[in-house]
Amino acid sequence: MRILITGGTGFIGTQLCQRLLQEQHQLLVLTRRPEQVPGPIEAIQNLDQLDAALYFDVVINLAGEAIAAKRWSEGQKREIIESRVNTTRALITYFKRAKRKPSLLISGSAIGYYGLGEASSVVDAGAPVDEDGGGDQSFSSQLCQQWEAIALEASELGIRTCLLRTGIVLGRGGALAKMLPPFKLGLGGRVGSGSQWMPWIHIADLVGIIQHCIANEAVQGAINGTAPNPVRNREFVRTLGRVLGRPALLPLPAFIVRLLLGQMGEELLLAGRRIVPRKALDGAYRFQYPDLEPALREALGK
Ligand SMILES: NC(=O)c1ccc[n+]([C@@H]2O[C@H](COP(=O)([O-])OP(=O)(O)OC[C@H]3O[C@@H](n4cnc5c(N)ncnc54)[C@H](OP(=O)(O)O)[C@@H]3O)[C@@H](O)[C@H]2O)c1
């Protein structure tokens, strides 16, 4: 197949490209720096460069300013939104002028779509949330709602559209790399009350779910990219401590998270709902890493 990927140079995109190359697909990546893309992958800097006569079977849309790289100033929030919205709009513009439209768009989104749930200080009863769950007014939820709404314009053009609501992706790099330093110093521990959910997924399964979307024409709309056994923060850190052979005894109080990271800490670290991958399970997707400890061991080479 010919596959166009935005964000193909990122943490998820790199693994995805490797896997798709192994399966002999032809890949074109949209990137701000085409020179960094290794052959045989082709690269372009601007979707306007695409000839209307070119055909892609599948388009995968992952590009966007990193969510957790910097404190959420108003300018950074704008960059986080615009980098996603503008890329997705440019894809829709390209689809409109393409002589033959792709059969499938898989567009990134995140479990942030489902919002904060109960306030982080309250113990969440932990009712599972599947793809029918709703969002709220939080920044993460509004971002995902906006990003998804534009992607869904592809379905009005007759393109099957999947919205990949991704959880915390575990692999070499990404969120896990950010969690490691305090643990390695023996300073790891639960964040806030530790009762917030952390829906995670091993990167091999996220790539697997993308392949599942490609292979199954019945899959469309929102699909959660999360493992079937999400855990609360306190269990996540305990398991991570065990895998690293380091204790996880030093809690990070919520007020410090709020002080250091502001709204970003509130939404990304102190809140979390129990998201479950109902659609992937209903579609008989078989998870390679349904449980956290083996997923962490593989991701950390332990
Ligand atoms: N990793 C996770 O745990 C996770 C969880 C939930 C959702 N997601 C979503 O999944 C997508 C991919 O995640 P990832 O972890 O692979 O992200 P990543 O490593 O940060 O890569 C994102 C890609 O987007 C492009 N990009 C970055 N900033 C940009 C900007 N300001 N304007 C235009 N393009 C920009 C970059 O491509 P170039 O530098 O080549 O232009 C980069 O390769 C993201 O949209 C992310 O929000 C990820």
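Since this is a predicted model, take the numbers as computed values, not measurements. (Residues numbered from 1 in each chain as written. Predicted model: local features only at pLDDT ≥ 70, side-chain atom pairs only at ≥ 80, totals over all residues. Heavy atoms only, no water.)

Peer 1: Looking at this model, I keep getting lost on the environment of Lys 279. Mind explaining?
Peer 2: In this fold, Lys 279 is placed in helix α9 (residues 278-282). Sequence separation between Lys 279 and Gln 45 is 234 residues, and the spatial gap between their C-alpha atoms is 34 Å. Not counting the four nearest positions on each side in its chain, Lys 279 is found in contact with Glu 131, Gln 220, Gly 221, Ala 222 and Ile 223. Engagement of the side chain of Lys 279 in a polar contact is seen with the backbone oxygen of Ala 222, the distance being 2.7 Å. (Helix = DSSP H or I, 4+ residues; strand = E, 2+ residues; numbered from the N terminus. Contact = heavy atoms within 4.5 Å. Polar contact = N/O pair within 3.5 Å; in protein donor to acceptor, adjacent residues only side chain to side chain.)

Peer 1: So what exactly am I meant to see when it comes to the sheet that holds strand β2 (residues 26-30) here?
Peer 2: The strands making up a sheet are joined through hydrogen bonds of the backbone, oriented either antiparallel or parallel. Spatially, seven strands are ordered β3-β2-β1-β4-β5-β6-β10 in an open sheet, and the strand pairing comes out parallel. Edge positions in the open sheet fall to β3 (42-44) and β10 (221-225), since each of these has one partner strand only. Neighbour-to-neighbour, the strand axes of the sheet open up by a mean angle of 20°, direction not taken into account. As judged from the seven bridges shared by strand β5 (residues 104-110) and strand β6 (residues 160-166), these two strands associate in the parallel manner. The partner of Ala 110 across the bridge, within β6, is Thr 166. The sheet strands contacting helix α6 (residues 203-215) are β4 (58-61), β5, β6 and β10, and the helix crosses β6 at an angle near 165°. (Pairing = 2+ DSSP bridges. Axes fitted to C-alpha atoms, helices over the stretch in contact; angles between N-to-C directions.)

Peer 1: Just checking my understanding: could you explain the site of the ligand for this structure?
Peer 2: Surrounding the ligand, one finds 23 residues, the nearest of these being Thr 9, Ile 12, Thr 31, Glu 79 and Arg 84. In this structure, Ile 12 approaches the ligand through a main-chain N or O atom, which is 2.8 Å from an oxygen atom. One nitrogen or oxygen atom from the side chain of Glu 65 is found 3.2 Å from a nitrogen atom belonging to the ligand. Burial of the ligand by the protein chains amounts to 82% of its free accessible area of 880 Å². (Near = heavy atom within 4 Å. Areas by Shrake-Rupley, 256 points an atom, 1.4 Å probe, with all protein chains shown as cover.)

Peer 1: Explain the environment of Ala 53 here, please?
Peer 2: Relative to the helices and strands, Ala 53 is located in the loop between β3 and β4. In this structure, the C-alpha to C-alpha distance between Ala 53 and Glu 298, residues 245 residues apart in sequence, is 43 Å.

Peer 1: Please clarify how the pairing of β6 should be interpreted in this entry.
Peer 2: For a regular strand, side-chain orientation follows a simple rule: the groups alternate between the two sheet faces. Along β6, seven of the seven residues are buried, which leaves the element largely enclosed by surrounding structure. Across five bridges, β6 lies against β10 in parallel orientation. What sits directly across from Leu 164, in β10, is Ile 223. (Buried < 20%, exposed > 50% of the residue type's maximum accessible area, 1.4 Å probe, protein only.)

Peer 1: Would you mind showing me how to read the packing of aromatic side chains here?
Peer 2: We describe a pair of aromatic rings using the distance from one ring centre to the other and the angle between the two ring planes. All chains considered together, the criterion is met by five aromatic pairs. Here the aromatic rings of Tyr 94 and Phe 95 are separated by 6.0 Å at their centres, their planes lie at 55°, and the arrangement is tilted. Given the relative accessible area of 2%, Tyr 94 is considered buried. The buried category is assigned to Phe 95, whose relative accessible area is 0%. A ring pair is formed by Tyr 285 and Phe 287, whose centres lie 4.9 Å apart and whose planes are at 85°; its orientation type is edge-to-face. According to the relative accessible area criterion, Tyr 285 is buried, its value standing at 12%. Since its relative accessible area comes to 13%, Phe 287 is described here as buried. Taken together through their ring pairs, the aromatic side chains of Phe 56, Tyr 94 and Phe 95 make up a single cluster. Over the face of the ring belonging to Phe 139 we find Lys 77, whose NZ or CZ atom lies 5.5 Å from the ring centre. The lysine or arginine in question, Arg 84, covers the ring of Trp 147, its NZ or CZ lying 5.0 Å from the ring centre. (Phe/Tyr/Trp six-rings, centres within 6.5 Å; stacked < 30°, edge-to-face > 60°. Lys NZ or Arg CZ within 6 Å of the ring centre and 35° of its normal.)

Peer 1: How should I be thinking about the nonpolar core in this particular structure?
Peer 2: Ile 5, Ile 60, Ile 106, Ile 209 and Ile 223 are the most contacted members of the largest nonpolar core, which totals 30 residues. Looking at this core, the elements with two or more residues in it are β1 (2-6), α1 (11-22), β2, β4, β5, β6 and α6. Every residue in contact with Ile 209, bar those within four places of it in the chain, is listed here: Leu 164, Ile 201, Ile 223, Asn 224, Gly 225, Ala 280, Tyr 285 and Phe 287. Grouped together as the second largest cluster of nonpolar side chains are 20 residues, Leu 28, Val 59, Ala 98 and Ile 150 included. (Core = buried A, V, L, I, M, F, W, Y, C linked by side-chain atoms within 4.5 Å.)

Peer 1: Got a minute to help me understand the packing of helix α5 (residues 174-184) against helix α7 (residues 233-244) in this structure?
Peer 2: What describes two packed helices is the angle between their axes and the distance between those same axes. The interhelical angle for the contact between α5 and α7, taken along N-to-C directions, is 70°, at an axis separation of 11 Å. Of the possible angle classes, the one that applies to α5 and α7 is roughly perpendicular. Contact residues: α5 offers Leu 176, Met 179, Leu 180 and Phe 183, while α7 offers Phe 236, Val 237, Leu 240, Gly 241 and Leu 244. Of the residues in the contact of α5 with α7, the class split is eight nonpolar, one polar and no charged. (Parallel < 35°, antiparallel > 145°, perpendicular 65-115°, else oblique. Nonpolar A, V, L, I, M, F, W, Y, C, P; charged D, E, K, R; others polar.)

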